[in-house]
Amino acid sequence: MAAKKKPTVTAEQIVSLYTDFVLKHGKKPSSVYSFMSEAGFSEADFYLHYASFEAIEAAYFSELFAHSFNLIQKSDDFAQYDAAQKLSSFYFTFIEMATANRSMVLYLLQSSKNPLSNLEKLKPLRRDFLNMLKQILQAPMQTQSARFNEIQAKLVHEGAWIQLMSILKFWMDDTSAGFEKTDVFIEKSVQAAFDLVYNSPMQSVVDLGKFLWKEKMTQH
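Residues numbered from 1 in each chain as written. Predicted model: local features only at pLDDT ≥ 70, side-chain atom pairs only at ≥ 80, totals over all residues. Heavy atoms only, no water.

A. Region of the structure containing the packing of aromatic side chains. For the coordinates displayed, the defined rule picks out 19 aromatic pairs. Where phenylalanine 35 meets phenylalanine 53, the ring centres are 5.7 Å apart and the plane angle is 85°; that geometry is what we call edge-to-face. Of this pair, phenylalanine 35 sits in helix α2 (residues 32–39) while phenylalanine 53 is found in helix α4 (residues 53–73), placing the two residues 18 residues apart along the sequence. Among the residues examined, phenylalanine 35 registers a relative accessible area of 5% and is labelled buried. Under the relative-accessibility criterion, phenylalanine 53 is labelled buried at 8%. Ring geometry for phenylalanine 46 against phenylalanine 53: centres 5.6 Å apart, planes inclined by 80°, an arrangement best described as edge-to-face. With respect to class, phenylalanine 46 is no different from phenylalanine 53; both count as buried. When the ring centre of tryptophan 171 is taken as reference, the NZ or CZ atom of arginine 102 above it lies at 4.5 Å. (Phe/Tyr/Trp six-rings, centres within 6.5 Å; stacked < 30°, edge-to-face > 60°. Helix = DSSP H or I, 4+ residues; strand = E, 2+ residues; numbered from the N terminus. Buried < 20%, exposed > 50% of the residue type's maximum accessible area, 1.4 Å probe, protein only. Lys NZ or Arg CZ within 6 Å of the ring centre and 35° of its normal.)

B. The arrangement of a nonpolar patch on the surface in detail. On the surface, Leu196, Val197 and Tyr198 cluster together into a nonpolar patch covering about 240 Å² of accessible area. Counting through the fold element by element, tyrosine 198 comes out in helix α10 (residues 180–198). On the accessibility criterion, tyrosine 198 (31% relative accessible area) is partly exposed. (Patch = residues over 30% accessible without salt bridge, like charges linked within 9 Å, V, L, I, M, F, W, Y side chains within 5 Å. Areas by Shrake-Rupley, 256 points an atom, 1.4 Å probe, with all protein chains shown as cover. Salt bridge = Lys/Arg side-chain N within 4 Å of Asp/Glu carboxyl O.)

C. Region of the structure containing helix α5 (residues 83–100). Helix length check: α5 (18 residues) gives 26 Å between terminal C-alpha atoms against 26 Å at 1.5 Å per residue, within 8%. Listing the buried residues of α5 in full gives Lys86, Leu87, Ser88, Ser89, Phe90, Tyr91, Thr93, Phe94, Ile95 and Ala98. Structurally, the start of α5 carries an N-cap: the backbone nitrogen of alanine 84 is 3.2 Å from a side-chain oxygen of aspartate 82. (Expected span 1.5 Å × (residues − 1). Polar contact = N/O pair within 3.5 Å; in protein donor to acceptor, adjacent residues only side chain to side chain.)

D. Local environment of the packing of α4 against helix α6 (residues 102–110). Two elements in contact, α4 and α6, have axes separated by 11 Å at closest approach and are oriented at 135°. Between α4 and α6, the interaxial angle falls into the category oblique. Classified by chirality, the crossing of α6 by α4 is left-handed. Counted together, Glu57, Tyr60, Phe61 and Leu64 of α4 and Met104, Val105, Tyr107, Leu108 and Leu109 of α6 form the full contact between these two elements. Looking at the contact of α4 with α6, its residues break down into eight nonpolar, no polar and one charged. (Axes fitted to C-alpha atoms, helices over the stretch in contact; angles between N-to-C directions. Parallel < 35°, antiparallel > 145°, perpendicular 65-115°, else oblique. Left-handed = near helix turned anticlockwise from the far one by under 90°. Contact = heavy atoms within 4.5 Å. Nonpolar A, V, L, I, M, F, W, Y, C, P; charged D, E, K, R; others polar.)

E. Structural context of the nonpolar core. Counting 58 residues, the largest nonpolar core has Tyr91 and Phe129 as its most contacted members. Of all elements in the fold, only α1 (11–25), α2, α4, α5, α6, α8 (123–136), α9 (146–173) and α10 reach the threshold of two or more residues within this core. A total of ten residues in this core trace back to one element, the largest contributor, which is α9. Beyond its immediate chain neighbours, meaning those up to four positions away, tyrosine 91 contacts Phe129, Ala160, Gln163, Leu164, Ile167, Ile186 and Val190. (Core = buried A, V, L, I, M, F, W, Y, C linked by side-chain atoms within 4.5 Å.)

As structure tokens, then:
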């Protein structure tokens, strides 16, 4: 009787195994061969899904995005939200997903002494996030110039990307219980951003400034 062929490892299993390894050892495996062998799989199984460990790390953030966006879209109310509510909903959900995987997220963003190397891992997240923004954020002023409208939209989208990075950085440094200060930061920063871009500067901008100043003072 022929022996049963061992099932090929899935991409999700590889990510799980890799996450477990780096969090236990604080570093990458020495090689794909040793990593897969210890897990009972062949090196070839790995390359069916990923080209390198770096590819896993970049895909990790893309998966966080996909899970977050899919989750908020399942809400019955999401389609009725305005742009600010949709963006806030994504930020809250993304941070919730990141919190559930905080040890791995912190490892990925702090493992290299070169900040640019760590940011390189966020490229797939940036691509996916900007594609989402095309669906929910419009140019603040619609004109008859398609080129001008395109430039406006690009500036708004880049601003939202910077906002996401600032939220992620705030969350990384947040020491409050349940990261409740991050929730406050999301709420105030989104409101302030929409007031500045789509409305006139209002009290929300002042509120955000007061919140950030208070946080800075309490850290000294």
